[in-house]
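# Survey of secondary and tertiary structure
Okay, here's what each chain looks like letter by letter:
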Amino acid sequence: MSSLWLLIIGLAMLATGYLLYSKFLADRIYQLDAAHPTPAHEMNDGVDFVPTNKFVLWGHHFTSVAGAAPIVGPAVAVIWGWLPAFLWVTLGTVFFAGMHDLGALWASARNRGRSMGMLSGRYIGARGRNLFLVVIFLLLLMVVAAFAVVIKDLLIATPTAVIPTWGAIAVAAVVGQMIYRWRMNLLLTTVIGVTALYSLILLGDAYPIELGESTLGMSPATFWIVTLFVYAGIASLLPVWVLLQPRDYINGVQLFIGLALLYGATLVSAPDLVAPAFNDNVPAGTPSLVPLLFVTIACGAISGFHGMVSSGTSSKQLDKETDARFVGYFGAIGEGLLALGAIIAATAGYRTLADWEAVYTEFNAGGVTAFVDGGGAILNAGLGIPVGLSGTILATMAVLFAATTMDTGVRLQRFVVQEIGEVMGVRIDKYAGTAIVLAVAMGLTFSAGAGGEGGMRIWPLFGTTNQLLASLTLSIVAVILIRKRRNPLPALVPLVFVFVMSFYAAIVQLGTLRDNGDWLLLGIDAVIIVAAVWVALEAGLAMRRARQEPAETDDADRHVALEEPAQR
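The following refers to the structure shown. All figures in this text were calculated on a predicted structure; none of them were measured in a lab.

## Some thoughts on the pattern of salt bridges
Within this structure, the stated rule accounts for 8 salt bridges. Between Asp 48 and Arg 414 there is a salt bridge, and its shortest N-O distance comes to 3.9 Å. Residue Asp 48 is located in the loop between α2 (39-42) and α3 (54-66), and its partner Arg 414 is located in helix α17 (residues 387-424); the two are separated by 366 residues in the primary sequence. In this structure Arg 414 comes out as buried when scored by relative accessible area, which is 2%.

## Thoughts on helix α4 (residues 69-77)
Of all the 9 residues making up α4, 8 are buried; the element is thus mostly covered by neighbouring parts of the structure. Taken as a whole, α4 has its buried residues at Ala 69, Pro 70, Ile 71, Gly 73, Pro 74, Ala 75, Val 76 and Ala 77.

## Quick notes on the side chain of Arg 411
By the secondary structure assignment, Arg 411 is in helix α17. A distance of 2.8 Å separates a polar atom in the side chain of Arg 411 from a polar atom in the side chain of Asp 48. Non-local contacts of Arg 411, meaning those with residues more than four positions away in its chain, are made with Val 47, Asp 48, Ala 235, Ser 236, Leu 237, Leu 238, Pro 239, Val 240, Leu 244 and Thr 313.

## Comments concerning unusual backbone geometry
Val 290 connects to Pro 291 through a cis peptide bond whose omega is 10°. Residue placement: Pro 291 occurs in helix α12 (residues 289-296). Non-glycine residue Arg 112 carries a positive phi angle of around 60°. As for its placement among the helices and strands, Arg 112 is situated in the loop between α5 (82-109) and α6 (116-123).

## Brief notes about the packing of aromatic side chains
The description of an aromatic ring pair rests on the distance of the ring centres and on the angle between the ring planes. Taken as a whole and assessed by the stated rule, the structure comprises 25 aromatic pairs. Ring centres of Tyr 30 and Trp 106 lie 4.8 Å apart, and the angle between their planes is 40°; on these two criteria the pair is classed as tilted. Separated by 76 residues along the polypeptide, Tyr 30 in the loop between α1 (3-29) and α2 and Trp 106 in helix α5 bring together distant segments of the chain. As far as the burial class goes, Tyr 30 and Trp 106 line up, both buried. With a centroid separation of 5.8 Å and an interplanar angle of 55°, the aromatic rings of Tyr 180 and Trp 241 are classed as tilted. One end of the pair, Tyr 180, is in helix α8 (residues 162-180); the other, Trp 241, is in the loop between α10 (220-237) and α11 (244-269), with 61 residues separating them in the sequence. Since its relative accessible area comes to 17%, Tyr 180 is described here as buried. Taken together through their ring pairs, the aromatic side chains of Tyr 18, Phe 55, Trp 58, Phe 62, Phe 256, Phe 326, Tyr 329 and Phe 330 make up a single cluster. The side chain of Lys 54 reaches across the aromatic face of Phe 326, ending 5.4 Å from its centre. Positioned above the aromatic ring of Phe 415 is the side chain of Lys 316, whose terminal nitrogen or guanidinium carbon lies 4.9 Å from the ring centre.

Conventions we followed
- Residues numbered from 1 in each chain as written.
- Predicted model: local features only at pLDDT ≥ 70, side-chain atom pairs only at ≥ 80, totals over all residues.
- Heavy atoms only, no water.
- Salt bridge = Lys/Arg side-chain N within 4 Å of Asp/Glu carboxyl O.
- Helix = DSSP H or I, 4+ residues; strand = E, 2+ residues; numbered from the N terminus.
- Buried < 20%, exposed > 50% of the residue type's maximum accessible area, 1.4 Å probe, protein only.
- Polar contact = N/O pair within 3.5 Å; in protein donor to acceptor, adjacent residues only side chain to side chain.
- Contact = heavy atoms within 4.5 Å.
- Phe/Tyr/Trp six-rings, centres within 6.5 Å; stacked < 30°, edge-to-face > 60°.
- Lys NZ or Arg CZ within 6 Å of the ring centre and 35° of its normal.

Remember, this is a structural readout, not a statement about activity or role.
And the structure:
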């Protein structure tokens, strides 16, 4: 089968979802109101709360939630065949991810920009909030530590990506000044920023940078990890308009250019899908498709991390409430487009089935390598771009997205640490909070050696934890909708499906960890399972109470205290 059909059908499904289903959610379910004040205006501090142009905010939101996960997950999951991955990405994006991301953004914006962890205190209860914060903390720890290792590996494996990776920071800083200080036209600013970024890609392709055996007394792996954490810590403390917003915005634009190149090359060359629709010849040791597909592909279908970004940074920058549809739902569509591109690259970028099977020799094979190699081959065949330059473009795309997720993750983790301190009655300022985050994440990353092997220590738990968190976020959205006497089914259906699949996967993983004798991860997995089930039960009770209580009006959103019900 030609990959062209996969591309056309996938694009049509995602476009229909945004044009029709997101409008239904915005108008009928969430009832977005442009006149409703947003936290960005009510609490504008010029640092975290900043009213932002919806296109710039979309760039921040999209690149923060995307990272490398919508590349890695689909490019691993095609080991079961391209059709299951394709269906989960398209249907999941339209009916699950869009609902989840838009809902989390709306709920937080209606509650002074508070995170889903703190919102659980108001809508579910104190016990649910405390357990929710535990799950969030562990998930963000996985993201920050593991993405540092992922970026390090990419910089070492693809030295041509070093110059554009670090040069993008300078480009973003200038773009931030152009937008907020010099008030330049956004289109002109975008053209200048993207041109500068792609010039850096050409420069990096011509001048690869490989570190020697020792840099400042550190190995290349250690040096890159330490540098990444120092950068992420500084970036998380700066006002969002200085670096975070413009960096993410330019990265978002360059991603769409990269996707346009990949999709354009697919249209021209129409390579065949060499991988089977359903793979009956999976390598030994490959887990079953159900439930593992639904946690292997998280970002790109639905992801709990998105709720953290929606309620952690994006809700604090929303200029008008009606912008939430474009920022939240279309942000999910953008990630679906990236996941679709990853599926095509990983299944149509090889000449024969034998070549494809030589890569997918075991579960967790493929990933970024399959995306870069397969996508590079398609760009070369369709547009004549040299294979080396194609690899640099796609590798830089992956690195930049992983980096934006990492620095957003550090900022979000700092918010969570501050919220935990607030619950405990201890005030933690942003500097102390950032220091705690960096100490814990770096401690984990280097816990198994100077190469950062510890950064992937708890990564196997990411998929299940991430999806359990998505279902818990949807439970809060469902409670809010019930209290407002609105139809909760758009939230309840994905909630039940994702919770069942991720809980099933977590139980399966317990057995695997037990068989492997990995008692540390088994203990963490057990804690996550208990916390998730407890929060789910608390949410069920909260939904029942919500049906019995008087309807909550929209005006109440602006005045109700953000305290647990027992304290009000």
